[in-house]
Amino acid sequence: MFLFIGYVITLAAFLGGFAASGGHLHSLFQPFELVMIGGGALGAFFGATFPKSFKATLKALPTAFKSETYSKQQYMELLTLLNDLFTRMRQNGLMSIEADVEDPHASEVFKKYPGILKDHHVIEFITDYLRLMIGGNLGVMEMENLMDVEIETHHHESQMPIHAVSRLADSMPAFGIVAAVLGVVHTMASVDQPPAVLGELVGAALVGTMLGILIGYGFIAPIATRMEDRAEEGTKMYQSIKVALLATMNAYPPQIAVEFARKVLYSTERPSFAELESHLRSAKGK
């Protein structure tokens, strides 16, 4: 919603100011300039991305138009899930969660938290490291290093579509200039026309420059920024799981391990200590 509100404000400011100063809005309608700018940008985008990056960009684009990716309620689900798993491990041993780890979608523990269960990557991250803990072959430092490498890999992968869209936004003004130059070339080839016609041709060429800058920085760049914010939120989820698992490996009680995870979260989504404690107590009674 905020993205579309931003678009409306941007268009209202420029078009409204142009019209209020005596400009004619119909003179801004230059479809062939849009074809040149849009076509050139699309061609460059295809040429600059590998198939993997292109697919990742298409998959990540919808996240820019969504509301918050991770809410306080989702984090509360995550922390409660971790608390349930850690409590079972502490009371009944690591092997007691082996079946849950091997098939989380059939697990009664995981099924209580559908908001987390539907996130394939988060579930995979949790179960993979619990599986390693059950195997008992890695120490805390080795586990932490491995988690850091995986989180860094996830971060770099999430940045690929962001960089692609950012580069596209930065290139739009240049494509606008190219369209404007072509418009000037067309104008120079029409010097035998009356001044009114030449003025219209020059105006159409200048619209190309304006469109390239406006589309690049007013419409595409905000999408890249929102995609980057979403990627950072996703990384925070993994960091929270990481510190909780490491705390458990260091023999901290479940509630303390979950508290470690809570402290990693952004303050805007982080539940208070009292909220989390109350939620854990209510979940324990279910």
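These notes cover the structure that comes with them. (Residues numbered from 1 in each chain as written. Predicted model: local features only at pLDDT ≥ 70, side-chain atom pairs only at ≥ 80, totals over all residues. Heavy atoms only, no water.)

Applying the stated criterion across every chain, the model contains ten salt bridges. The residue D84 makes a salt bridge to K112 at a minimum N-O spacing of 3.2 Å. A residue pair is termed long-range when its members are at least 10 positions apart, and D84 in helix α4 (residues 72–92) and K112 in the loop between α6 (108–111) and α7 (114–117) qualify at 28 residues. Assessed through its relative accessible area of 14%, D84 is described here as buried. (Salt bridge = Lys/Arg side-chain N within 4 Å of Asp/Glu carboxyl O. Helix = DSSP H or I, 4+ residues; strand = E, 2+ residues; numbered from the N terminus. Buried < 20%, exposed > 50% of the residue type's maximum accessible area, 1.4 Å probe, protein only.)

Another point: helix α12 (residues 273–284). Each full turn of the α-helix corresponds to 3.6 residues, which orients residues three or four apart in the same direction. For α12, spanning twelve residues, the distance from its first C-alpha to its last is 16 Å, which sits close to the expected 16 Å at 1.5 Å a residue. For α12, the full list of buried residues reads L276, L280 and A283. All buried residues of α12 lie within an arc of 65° about the axis, which places them on one face of the element. Opposite the packed face of α12, turned more than 90 degrees from it, sit the exposed residues A274 and R281. Where α12 is buried, its residues touch α4 and α11 (254–264). (Expected span 1.5 Å × (residues − 1). Arc of directions from axis to C-beta. Contact = heavy atoms within 4.5 Å.)

Turning next to the environment of A164. Tracing the backbone shows A164 in helix α9 (residues 140–188). For A164, a relative accessible area of 4% translates into the label buried. Taking C-alpha positions, A164 is 8.3 Å from F54, a pair spaced 110 residues apart along the chain. For A164, the contacting residues outside a window of four places in its chain are F45, T49 and T57.

Applying the stated rule across the entire model yields eight aromatic pairs. Where F45 meets F54, the ring centres are 5.9 Å apart and the plane angle is 55°; that geometry is what we call tilted. Judged by its relative accessible area of 21%, F54 is partly exposed. Three or more aromatic residues joined by ring pairs form one cluster here, namely F4, Y7, F65 and F219. (Phe/Tyr/Trp six-rings, centres within 6.5 Å; stacked < 30°, edge-to-face > 60°.)

It is at 9 Å that the axes of helix α2 (residues 31–48) and helix α10 (residues 195–249) come closest, and there the two elements cross at 45°. One way to sum up the angle between α2 and α10 is to call them oblique. In the packing of α2 onto α10, the handedness of the crossing is right-handed. On the side of α2, the interface is formed by E33, L34 and I37, while α10 contributes A204, A205, G208, L211, G212 and I215. (Axes fitted to C-alpha atoms, helices over the stretch in contact; angles between N-to-C directions. Parallel < 35°, antiparallel > 145°, perpendicular 65-115°, else oblique. Left-handed = near helix turned anticlockwise from the far one by under 90°.)

Looking at the secondary structure, you find L146 in helix α9. Expressed as a C-alpha distance, the spacing of L146 and Y129, which sit 17 residues apart in the sequence, is 9.5 Å. If sequence neighbours within four positions are ignored, L146 has contacts with Y129, L132 and L138.

Another aspect to go through is unusual backbone geometry. Phi at A251 takes a positive value of approximately 70°, unusual for a residue other than glycine. With respect to the helices and strands, the residue A251 is situated in the loop between α10 and α11.

Here the focus is the environment of A174. Examined against the element boundaries, A174 turns out to sit in helix α9. Residue classification places A174 among the partly exposed positions, given a relative accessible area of 43%. The spacing of A174 and G216 is 42 residues in sequence and 9.6 Å in space, taken between C-alpha atoms.

There is a patch of nonpolar side chains on the surface, built from M1, F2, I5 and I9 and spanning about 500 Å² of accessible area. As for its position among the elements, I9 is in helix α1 (residues 2–20). In this structure I9 comes out as exposed when scored by relative accessible area, which is 55%. (Patch = residues over 30% accessible without salt bridge, like charges linked within 9 Å, V, L, I, M, F, W, Y side chains within 5 Å. Areas by Shrake-Rupley, 256 points an atom, 1.4 Å probe, with all protein chains shown as cover.)

Attention shifts here to the nonpolar core. Membership of the largest hydrophobic core comes to 41 residues, with the highest contact counts inside it found for L85, F86, I126 and L130. Going through the elements one at a time, α4, α6, α7, α8 (120–135), α9, α10, α11 and α12 are the ones with two or more residues in this core. Ranked by residue count, the leading element in this core is α4, at nine residues. Dropping the residues within four chain positions of it, L85 is found in contact with I97, V109, F110, I126 and L130. (Core = buried A, V, L, I, M, F, W, Y, C linked by side-chain atoms within 4.5 Å.)

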